[in-house]
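Observations on the model geometry
Letter by letter, the chains look like this.
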Protein chains: 2
Amino acid sequence: MEIKTYLNEQKLAVDGALKKYMLEAEEENGLFSAHIEAMRYSLFAGGKRIRPILCLAAGAAVGQRPSPDADLLSIACALECIHTYSLIHDDLPSMDNDDLRRGKPTNHKLYGEAGAILAGDGLLTWAFDLLSNSEVSGLQPETRLVIINLIARAAGSLGMVGGQLLDISNENKEFPFETLCAIHRSKTGALITAAILAGGIAAGADQAQQDALRRYGEQVGLAFQIVDDLLNATSTTAQLGKAAGSDASRGKATYPAFFGIEATRQKAATAVEEAECALNIFDAKADPLRAIARYVLTRSH
Amino acid sequence: MEIKTYLNEQKLAVDGALKKYMLEAEEENGLFSAHIEAMRYSLFAGGKRIRPILCLAAGAAVGQRPSPDADLLSIACALECIHTYSLIHDDLPSMDNDDLRRGKPTNHKLYGEAGAILAGDGLLTWAFDLLSNSEVSGLQPETRLVIINLIARAAGSLGMVGGQLLDISNENKEFPFETLCAIHRSKTGALITAAILAGGIAAGADQAQQDALRRYGEQVGLAFQIVDDLLNATSTTAQLGKAAGSDASRGKATYPAFFGIEATRQKAATAVEEAECALNIFDAKADPLRAIARYVLTRSH
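As the structure is a computational prediction, the values presented were derived from the model and not from experiment.

Regarding the overall build of chain A
- Helices and strands together make up the secondary structure of chain A, namely 14 helices and two strands.
- For the C-alpha atoms alone, the extent of chain A along its principal axes is close to 50 × 50 × 35 Å.
- Looking at chain A alone, contacts between residues at least 24 apart form 74% of all its contacts between residues at least 6 apart.
- About 11,200 Å² of surface is accessible on chain A, with carbon and sulfur atoms providing 51% of the total.

Shown next as structure tokens:
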């Protein structure tokens, strides 16, 4: 399979679903159009849709549903809303203070700090609206509650939100490698793993399949973050679409800071191998997951 | 019934449940203790627990469950988390820039802006964790999904979050009374109504009961907000525990600004009468709801 074609097709499906849901929300009330516009801006600012695509690919690997189907897409869209909200809040002046994201002005540069905080709050809340909306998902209520809880847990205080505080409160500090692992695991890894597991559970994964998907998710999430560290250290701002070299200038600990560039590349490759290994119990329907793992290694932004 | 005793008993039940759930979250991981501490600070900074108590009282009015029971309490706690997150974000320098809340320093004064934004994000996400957690609620999955969706809708972009943007973006502007109504309805009214309806639905309310509870909620929410406007205009900072007179100094439109103090008092009284009227189909089990409506008129902070 051609991974770039696959990623592009899935991204189009996710974008289409997001637009459809967003339009429906927008039509409900013109009073809040400025707020919806701020949410829409970041949601359609060129994201790669990695988390939603991993969710869809995990559903396809379990294989009991055609991909992408409407139930999986609604979960995929909710995941992208949560990811987008986290980027908007991370970019704020009081956090990473970034002016550029995906080559465009960050949300607060256009809508002000208050507008950006509320756009993030709106996207986070909307994610749970989508996940609990019986008009957009025909999945069994029990299954949907499991998925909502999984995603809330991963996005919350012991996952992504806690990881972000851990990250910014350790800037310009010496800390052990274990702390870097904890930051990566909570800030990035938790939601990526939840995305994959949610797709699998929605498609009816049994316990062995769920365990395999969780191991795959942990390793792919790790590889993804290591490559992010590498790109930040070795790319230009034009290539990245966001400030390059910002980790070093902010005194953030990263894999390259601990191990150097070459050993870091090797660690990313090892994580991808372990991710592929975790998929051994799956047949060819997991090929998209396998291809995504290898793609993570080669991405340039 | 003695309303103050009732409110105090219910508040103790809510506080106890919040402490129990919070402790469980805290024990899971020491890494995030600074973050959990910031969440805990605002959650236990002396809130009156009006939304959770309304939720419990609505459940009791429908009367199919003893009050307060564990399932209703978990919803009540989630509502308080959402309310608390909204206060933390509203108080931020880029929003209302308030230093005092309930007589204590606001969250960002103690934990910094980034810490406060993340404490809010954590509380909002945790609310949905609680609502979807099968270990804390034995309600039917279908019912829980309806309640999650109802609360997400009320707290989100067409409700509380959208209302906050509408509020701050209309500061120092002339606008019609209809806009003030829209701000009150979305920013405050939506979550109060959702709290009442959620309690009723959890207790098995039929459609007529739900309609009555919604009407009650809309009127009580309105009365609550009108009295808030009145207190802001007529109290001292020491009485309120937050900056008095801040509405006028920020150029916020309020009921007293449109109608003067006396006519505003009358409008609050009318809303309370209509709230009581909406409860006509209920028997004495709705007395706490009736008493709360009357109490809203007389509260001093």
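So that's the structure; there's more coming.
Quick notes on the packing of aromatic side chains
- All chains considered together, the criterion is met by 13 aromatic pairs over all chains.
- With centroids separated by 5.5 Å and ring planes inclined at 70 degrees, the aromatic side chains of phenylalanine 177 of chain B and phenylalanine 258 of chain B adopt a geometry described as edge-to-face. Here phenylalanine 258 of chain B lies in helix 12 (residues 255-259) and phenylalanine 177 of chain B lies in helix 8 (residues 177-202), a separation of 81 residues in the sequence.
- Of the residues examined, phenylalanine 177 of chain B reaches a relative accessible area of 24% and is grouped as partly exposed.
- A relative accessible area of 33% places phenylalanine 258 of chain B in the partly exposed class.
- The ring of phenylalanine 259 of chain A has lysine 267 of chain A lying over it, and the distance from NZ or CZ to the ring centre is 4.4 Å.

Things to note about helix 2 (residues 33-43) of chain A
- Within helix 2 of chain A, eight of the 11 residues are buried, which leaves it mostly tucked inside the rest of the structure.
- Buried within helix 2 of chain A are the following residues: His35, Ile36, Ala38, Met39, Arg40, Tyr41, Ser42 and Leu43 of chain A.

Digging into the interface of chain A and chain B
- Counting residues at the interface gives 48 residues for chain A and 48 residues for chain B.
- For the chain A face of the interface with chain B, the top three residues by lost area are Phe32, Leu145 and Leu158 of chain A, together amounting to 16%.
- Viewed at the interface, chain B and chain A are joined by two salt bridges.
- Aspartate 129 of chain A serves as the salt-bridge partner of arginine 153 of chain B, at 2.7 Å between the closest nitrogen and oxygen.

Regarding the side chain of aspartate 229 of chain B
All names here are of chain B.
- Relative to the elements of secondary structure, aspartate 229 occurs in helix 9 (residues 207-234).
- Aspartate 229 gets classed as buried once you look at its relative accessible area, which sits at 3%.
- Among the polar contacts listed, one links the side chain of aspartate 229 to the backbone nitrogen of tyrosine 255, at a separation of 3.0 Å.
- For aspartate 229, the contacting residues outside a window of four places in its chain are His184, Asp247, Thr254, Tyr255 and Pro256.

A look at the relation of the copies chain A and chain B
- Note on the copies: chain A fits chain B at an RMSD of 0.0 Å, the axial shift is 0.0 Å, and the rotation between them is 180 degrees. One copy is carried onto the other by what is essentially a two-fold rotation axis. By C-alpha distance to the rotation axis, the residue of chain A lying nearest is proline 141 of chain A, at 2.7 Å.
- When the interface residues of chain A are mapped onto chain B, 100% of them are again interface residues, pointing to one common binding face.

Digging into the side chain of asparagine 107 of chain B
Residues and elements named next belong to chain B.
- With respect to the helices and strands, the residue asparagine 107 is situated in helix 5 (residues 107-132).
- With relative accessibility at 4%, the residue asparagine 107 sits in the buried group.
- A polar atom in the side chain of asparagine 107 sits 2.9 Å from the side chain of serine 42.
- Ignoring sequence-local partners within four residues, the contact set of asparagine 107 consists of Ala38, Tyr41, Ser42, Ile88, Gly112, Gly115, Ala116 and Ala119.

Some remarks on the confidence of the model for chain A
Residue and element names in this part refer to chain A.
- Per-residue pLDDT for chain A averages 92, and the proportion of residues at 70 or more is 93%.
- The spread of mean pLDDT over the elements of chain A runs between helix 10 (residues 237-240), the lowest at 66, and helix 5 (residues 107-132), the highest at 98.
- Taken together, the chains of this predicted complex give a pTM of 0.95 and an interface ipTM of 0.95.

Concerning helix 7 (residues 160-169) of chain B
- Counted residue by residue, helix 7 of chain B has nine buried out of 10 residues, so it is predominantly covered.
- Taken residue by residue, helix 7 of chain B has Met160, Val161, Gly162, Gly163, Gln164, Leu165, Leu166, Asp167 and Ile168 of chain B as its buried positions.
- Contact partners of the buried residues in helix 7 of chain B: helix 2 and helix 5 of chain A together with helix 4 (70-90), helix 6 (141-155) and helix 8 of chain B.

Rules used in this analysis
Residues numbered from 1 in each chain as written. Chains lettered and ligands numbered in written order. Predicted model: local features only at pLDDT ≥ 70, side-chain atom pairs only at ≥ 80, totals over all residues. Heavy atoms only, no water. Helix = DSSP H or I, 4+ residues; strand = E, 2+ residues; numbered from the N terminus. Contact = heavy atoms within 4.5 Å. Areas by Shrake-Rupley, 256 points an atom, 1.4 Å probe, with all protein chains shown as cover. Phe/Tyr/Trp six-rings, centres within 6.5 Å; stacked < 30°, edge-to-face > 60°. Buried < 20%, exposed > 50% of the residue type's maximum accessible area, 1.4 Å probe, protein only. Lys NZ or Arg CZ within 6 Å of the ring centre and 35° of its normal. Buried area = accessible area lost by both parts, 1.4 Å probe. Salt bridge = Lys/Arg side-chain N within 4 Å of Asp/Glu carboxyl O. Polar contact = N/O pair within 3.5 Å; in protein donor to acceptor, adjacent residues only side chain to side chain. Least-squares fit on C-alpha atoms with pLDDT ≥ 70 in both. pLDDT = per-residue confidence, 0-100.

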